[in-house]
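# A structural walkthrough
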Amino acid sequence: MPLSLKKLAVIPILTGALLSSMIAQACTRVVYLGQDNNIITARSMDWKRDVGTNLWVFPRGIKRSGETGPNSIKWTSKYGSVIASGYDISTTDGVNEKGLMANVLWLAESQYPDFSKSSKPGLTLAAWAQYALDSFATVEEAVKTLQKEPFTIVTANVPGEQRLTTLHLSLSDSTGDSAIIEYINGKQVIHHNRSYQVMTNSPTFDRQLALNQYWQEIGGLSLLPGTNRAADRFARASFYINAIPQKTDDRSALAGVFSVIRNVSVPYGITTPGQPNISSTRWRTVFDHKNQRYFFESAYTPNVFWIDLKQVDFSDKTGQVMKLDLGENQKNIFSGEVSDQFQPTSAFKFLGL
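Analysis parameters
Throughout, a residue's number is its position along its own chain's written sequence, starting from 1. Reporting of local features is limited, given that this is a predicted model, to residues whose pLDDT is at least 70; pairs of side-chain atoms are given and counted only at 80 or more, and all residues count toward the totals for whole chains, interfaces and linings. Hydrogens and waters are ignored; side-chain quantities use all the structure's heavy atoms. To qualify as a helix, a DSSP run of H or I must reach at least 4 residues; to qualify as a strand, a run of E must reach at least 2; elements of each kind are numbered from the N terminus. Note on classification: 1.4 Å probe, protein chains only; a residue is buried when its accessible area is under 20% of the maximum for its type, exposed when over 50%, partly exposed between these limits. Residues are treated as being in contact if the distance between any of their heavy atoms lies within 4.5 Å. Each accessible area value is a Shrake-Rupley result obtained with a 1.4 Å probe; residue values ignore everything except the protein chains displayed when judging cover. Should DSSP find at least two bridges between two strands, the strands are taken to pair. Note on method: axes are straight lines fitted to C-alpha atoms, helices fitted across the in-contact stretch only, with angles between N-to-C directions ranging 0 to 180 degrees. Both cavities and pockets are sets of points on a 1 Å grid over the protein atoms alone; in a cavity a 1.4 Å probe fits but cannot get out, in a pocket the set is open with protein on both sides within 12 Å along at least five of seven lines, and lining residues sit with an atom within 4 Å of a point. Grid points are joined across faces, edges and corners, and a volume is the space filled by probe spheres set on the points. The nonpolar class holds Ala, Val, Leu, Ile, Met, Phe, Trp, Tyr, Cys and Pro. Asp, Glu, Lys and Arg form the charged class, and all remaining residues, Gly among them, are polar. One speaks of a salt bridge when a side-chain nitrogen belonging to Lys or Arg is within 4 Å of a carboxyl oxygen belonging to Asp or Glu. None of His or the chain ends enter the tally, which takes Lys and Arg as positive and Asp and Glu as negative. Polar contacts, as used here, are pairs of N or O atoms within 3.5 Å; protein pairs need one atom able to donate a hydrogen and one able to accept it. Residues neighboring in sequence count only if both atoms are side-chain atoms. What counts as a ring pair is set by centres within 6.5 Å for rings of Phe, Tyr and Trp (its six-membered ring), and what kind of pair is set by the plane angle: stacked under 30 degrees, edge-to-face over 60, tilted for all other angles. The set of buried Ala, Val, Leu, Ile, Met, Phe, Trp, Tyr and Cys residues whose side-chain atoms join them within 4.5 Å is what this entry labels a nonpolar core.

## Some points on the overall build of the chain
Each helix and strand in the chain was counted, giving 6 helices and 20 strands. Across the 353 residues in the chain, those meeting the buried criterion constitute 58%. Contacts in the chain between residues at least 24 apart in sequence constitute 69% of all its contacts with a sequence separation of at least 6. Carbon and sulfur atoms form 52% of the exposed surface of the chain, whose accessible area is close to 14,600 Å².

Structure below.
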């Protein structure tokens, strides 16, 4: 159906009202809910400079600290994981051996509790995703624990910048369940529903859902927003992830999900007048929950490569910390399954107080 004049008139109003809140580092996360337990999670990492990403294998049994001084949460990793680091001081993305995936994305509206006034132990924001991967097998399990707020999140400046890191966390698992965890006005907010397939950046998730409902009423075959702003990417990802065939073979499903996350990526080198923090896509990850394959694609290289988690030794007896050095701007070229190319090393220390 053609758009009504009334609906068309709303578009510039929405655009203008959200312009300031959408000036943020851009990333997108999307979950494909295929038939026969064919669940796939993809994300893009968009940043204005090299984020210093390498891939790491962490076995079970690693003793961790929240890295916030004497009053830090302590835990031992229950599950092994494969993760993508940020500056080798944080976990930005990753999966564990039980099929749980964690992704952190920028959210400018994030406001964390005042740690100085909290009686709860602290957890550095840099280890937020890792805590989830170490501790939980499913989204439901994670939500039950996180609702009890066993720690206080503590943030710090972005490396090399004079501004606080502000993130929100998405979780997805092999059943297709999803949760989005945000801190708004110092309070934890958890959005938990299998239908929450997409997460981008600003505005907050509840407002993203409201905006997306508007575009759903228009219909993706009539019009989709095409800019690289977060709300527009949310609308496109939401439409396309359900427009691609849901009943198909594994390779076709992967191809479809890769095409969706590429569609909502920001072209490399692009700058947007008046929005200096809209950033190029540096890399993308795609996790096939069913077959336990974690795919990595750098904007700088011609190859997609992957780690088959079934080939990784996560044992707390024989497993060890391993690293795959991706090089500056993730320019090192790899091909195919690369679990045997990781090298033993010491674990990085999470940035804390």
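Having seen the model, we can carry on.
## Observations concerning the sheet that holds strand E2 (residues 39-46)
Read across the sheet, 7 strands follow the order E14-E1-E2-E15-E16-E17-E19 without closing on themselves; strand pairing throughout is mixed. Each edge of the sheet is formed by a strand with only one pairing partner; in this case those strands are strand E14 (198-199) and strand E19 (336-337). Relative to the sheet, helix H5 (residues 230-243) contacts strand E1 (27-33) and E14, its axis offset from that of E1 by approximately 15 degrees. Packed onto the sheet, helix H6 (residues 250-263) meets E1, E2, strand E15 (281-288), strand E16 (293-298) and strand E17 (304-308) and runs at close to 25 degrees relative to E2.

## Here we look at empty space enclosed by the protein
Evaluated as defined, the whole model comprises 1 cavity of 30 Å³ or more. The computed volume of the largest cavity comes to approximately 380 Å³. What lines the largest cavity is a set of 28 residues, and nearest its centre among them are Ser90, Thr92, Pro159, Thr165 and Leu167. Those elements giving two or more residues to the lining of the largest cavity turn out to be E2, strand E7 (90-96) and strand E8 (101-106). For the lining of the largest cavity, the per-class residue count stands at 18 nonpolar, 9 polar and 1 charged.

## Considering the sheet that holds strand E12 (residues 178-184)
Taken in spatial order, the 9 strands of this open sheet run E13-E12-E11-E8-E7-E6-E3-E18-E20, and their pairing is antiparallel. Across the chains shown, the open sheet's two edge strands, defined by having one partner strand only, are strand E13 (187-192) and strand E20 (343-344). Lying on the sheet, helix H2 (residues 128-135) is in contact with strand E3 (55-58), strand E6 (81-86), E7, E8, strand E11 (167-172) and E12; it crosses E7 at an angle near 20 degrees. Across the sheet, helix H3 (residues 139-146) touches E11, E12 and E13, and the angle it forms with E13 is around 155 degrees.

## Some thoughts on the pairing of E16
Where burial is concerned, most of E16 is hidden: 5 out of the 6 residues are buried. Relative to E16, E15 runs antiparallel, the two being bridged by 6 bridges. Bridge assignment links Arg284 to a residue of E16, and that residue is Glu297. Taking the residues between adjacent antiparallel strands as the criterion, E15 and E16 are bridged by 4 residues, where Gln292 takes a positive phi near 60 degrees. Sheet topology places E16 next to E17; 5 bridges connect them, and they run antiparallel. Bridge assignment links Phe295 to a residue of E17, and that residue is Trp306.

## Comments concerning the pattern of salt bridges
Under the criterion given, the structure shown has 13 salt bridges. Glu161 is the partner of Lys48 in a salt bridge, and the nearest nitrogen-oxygen pair spans 3.7 Å. Taken together, the residues span a long stretch of sequence, with Lys48 in the loop between E2 and E3 and Glu161 in the loop between strand E10 (152-154) and E11 at a distance of 113 residues. The closest approach of N and O atoms between Glu297 and Arg284, which form a salt bridge, is 2.7 Å. Placement of Glu297 in strand E16 and of Arg284 in strand E15 is noted, with a sequence separation of 13 residues between them. With relative accessibility at 9%, the residue Glu297 sits in the buried group.

## Things to note about the side chain of Glu182
Along the chain, Glu182 turns up in strand E12. Within the buried set, Glu182 has no salt-bridge partner at all; the shortest N-O distance to an opposite charge, 10 Å, is to Arg207. Among the polar contacts listed, one links the side chain of Glu182 to the side chain of His168, at a separation of 2.9 Å. Contact partners of Glu182, with chain neighbours within four places excluded, come to Leu107, His168, Lys187, Gln188, Val189, His191, Thr204 and Phe205.

## Quick notes on the pairing of E13
Sheet topology note: the E12/E13 ladder contains 6 bridges and is antiparallel. Within E13, the position partnered with Ala179 by the bridge is His192. Counted along the chain from E12 to the antiparallel partner E13, the turn is 2 residues long, and its residue Asn185 has a positive phi close to 55 degrees.

## Section: the packing of aromatic side chains
Per the stated rule, a full pass over the model turns up 20 aromatic pairs. Ring centres 5.5 Å apart and planes at 55 degrees place the aromatic pair Tyr112 and Tyr183 in the tilted group. In this pair, Tyr112 sits in the loop between E8 and strand E9 (122-124) while Tyr183 sits in strand E12, placing the two residues 71 residues apart along the sequence. A residue is classified by how much of its surface remains accessible, and Tyr183, at 1% relative accessible area, is buried. The interplanar angle of 75 degrees and the centroid separation of 5.9 Å between the aromatic rings of Tyr131 and Phe136 together place this pair among those described as edge-to-face. Using a relative accessible area of 8% as the deciding quantity, one classes Tyr131 as buried.

## A look at the nonpolar core
Core analysis: the largest hydrophobic core is formed by 85 residues, its most contacted members being Leu55, Leu123, Trp128, Phe151, Leu171, Tyr294 and Ile307. Considering each element in turn, this core owes the most residues, 6 residues, to H6. In this view, Phe151 contacts Ile73, Lys120, Pro121, Leu123, Trp128, Tyr131, Leu146 and Tyr183; residues no more than four positions away in its chain are not counted.

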